[in-house]
Amino acid sequence: MSSVGLVLGGGGITGASYHFGALLALEMATGWHPNEADVIVGTSCGAFAAAMTRGGGLTIDTFLGDAQTRDQVAERLRGLIFRRTRPKGVVRWLRRGVLPSLSRPDLKLVLGSPALYETSGVAEWVAHTAPVLAETWPDKPTVIVAYDLVTRSRTPFGTEAAPDVSLQDAVAASVAVPFVFEPVEIDDRFYVDGGIASGTHADLVLANPEPLDLLIVVAPLSSDEPRQGARFYEGMFDRVSRSALDAELAVIHAEWPETDVIVLRPDPRVQAALTPNPLSVRAAIPAFLRTLRSLETQLSQHDTWLKLERHLGHHRARR
């Protein structure tokens, strides 16, 4: 039986829609449930998808709840994700973001910045959907990546290199997009979105004791094709995320040359739903539906389907 790794990258609310659509399409096509993955690495919205996968929440109901219309879905998501807070932490922002970035200004300038929203709603969403795991950690290897404001480096929760933390708190920290969400305090340290360091952190799978037979990477922000009518920051995010993922995959190929890799990325149809705001609650359903349609094409590509058949084909036969 093949060993499988699953890497779920960042990408905002529409990125989470892409994860749900891609993983459900993968299960429908192969009979393999993503929770059977030997190891899962989740970053930002991919951290939420990882928690839902391990906790049994990889369903349409997780997004829809009792909502019947697109407006109701948007209102539900808005209430869960965007919990207002009183902006605070100016001193923290100056110490952790502004001052260290004065010599070389970059996106890390916003680290620790005050924000209008907190991620407590996301933590509660995890607790409600995966109550058995929310205050503990999955038995199967699961890594949730956040960014430490003190060390200015990634923190892979779920590994020996990171402090013990509950799954819901790790996810809340991993999705804390700077300038939008307040940093999350855990054991007197502050953490923000793991996507600050990389959108995927695929190289973390190399901590697995043995080489994996198949690695599936779901990368909402690593599209190969330029977005039509994209704003400047969208192209920039795509290029940075794609470069980071390419570098991580090169390391993996060097260490595990026999490992088959499948990367699932948004095609132009999906990109049109992701543009221009990845935090748009109204775009969640269109992004999900277009992902389901596009994955039918992606998974049926000759090379991709051969890899799926080689490693996951017995799941479909079993079911």
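Residues numbered from 1 in each chain as written. Predicted model: local features only at pLDDT ≥ 70, side-chain atom pairs only at ≥ 80, totals over all residues. Heavy atoms only, no water.

What's the story with the packing of helix H2 (residues 45-55) against helix H6 (residues 120-129) in this structure? I'm lost.
When two helices pack together, their arrangement is given by the angle between the helix axes and by the axis-to-axis distance. Look at H2 against H6: their axes get within 10 Å of each other, and the N-to-C directions meet at 15°. Taken together, H2 and H6 sit at an angle that is classed as roughly parallel. Crossing hand, H2 versus H6: right-handed. For the pair formed by H2 and H6, the contact residues are Phe48, Ala51, Met52 and Gly55 on the first element and Val122, Trp125, Val126 and Thr129 on the second. (Axes fitted to C-alpha atoms, helices over the stretch in contact; angles between N-to-C directions. Helix = DSSP H or I, 4+ residues; strand = E, 2+ residues; numbered from the N terminus. Parallel < 35°, antiparallel > 145°, perpendicular 65-115°, else oblique. Left-handed = near helix turned anticlockwise from the far one by under 90°. Contact = heavy atoms within 4.5 Å.)

Any chance you could explain the environment of Ser44 here in plain terms?
Turning to its location among the elements, Ser44 is positioned in the loop between strand E2 (39-43) and H2. In this structure the C-alpha to C-alpha distance between Ser44 and Leu24, which are 20 residues apart in sequence, comes to 19 Å. For Ser44, the contacting residues outside a window of four places in its chain are Gly10, Val145, Ser174, Val175 and Asp193.

What am I meant to see in H2 here?
Structural remark: α-helix, 3.6 residues per turn; residues separated by three or four positions point the same way. The buried fraction of H2 amounts to ten of the eleven residues, a majority that puts the element mostly inside the structure. Three or more residues of H2 are buried, namely Cys45, Gly46, Ala47, Phe48, Ala49, Ala50, Ala51, Met52, Thr53 and Arg54. (Buried < 20%, exposed > 50% of the residue type's maximum accessible area, 1.4 Å probe, protein only.)

Help me understand the environment of Gly97, please; the structure alone is not making it clear to me.
Mapped onto the elements of the fold, Gly97 is located in helix H5 (residues 90-101). Ignoring any residue separated from it by four or fewer positions in sequence, one finds Gly97 in contact with Arg92, Lys108, Leu109, Leu111 and Arg152.

Would you explain the pattern of salt bridges in this entry?
One side chain can pair with another of opposite charge once the charged atoms of both are near each other. Enumeration according to the criterion identifies ten salt bridges in this entry. Its salt-bridge partner being Arg282, residue Asp71 comes within 2.4 Å of it at the nearest N-O pair. Of this pair, Asp71 sits in helix H4 (residues 70-81) while Arg282 sits in the loop between helix H9 (268-274) and helix H10 (284-299), and the two are 211 residues apart along the sequence. Between Arg92 and Glu182 there is a salt bridge, with its nearest N and O atoms 3.3 Å apart. Taken together, the residues span a long stretch of sequence, with Arg92 in helix H5 and Glu182 in the loop between helix H7 (167-174) and strand E7 (184-186) at a distance of 90 residues. Several salt bridges share partner residues, and in doing so they unite Lys88, Arg92 and Glu182 into one network. (Salt bridge = Lys/Arg side-chain N within 4 Å of Asp/Glu carboxyl O.)

From the geometry alone we can't say anything about function, so treat these as descriptive.
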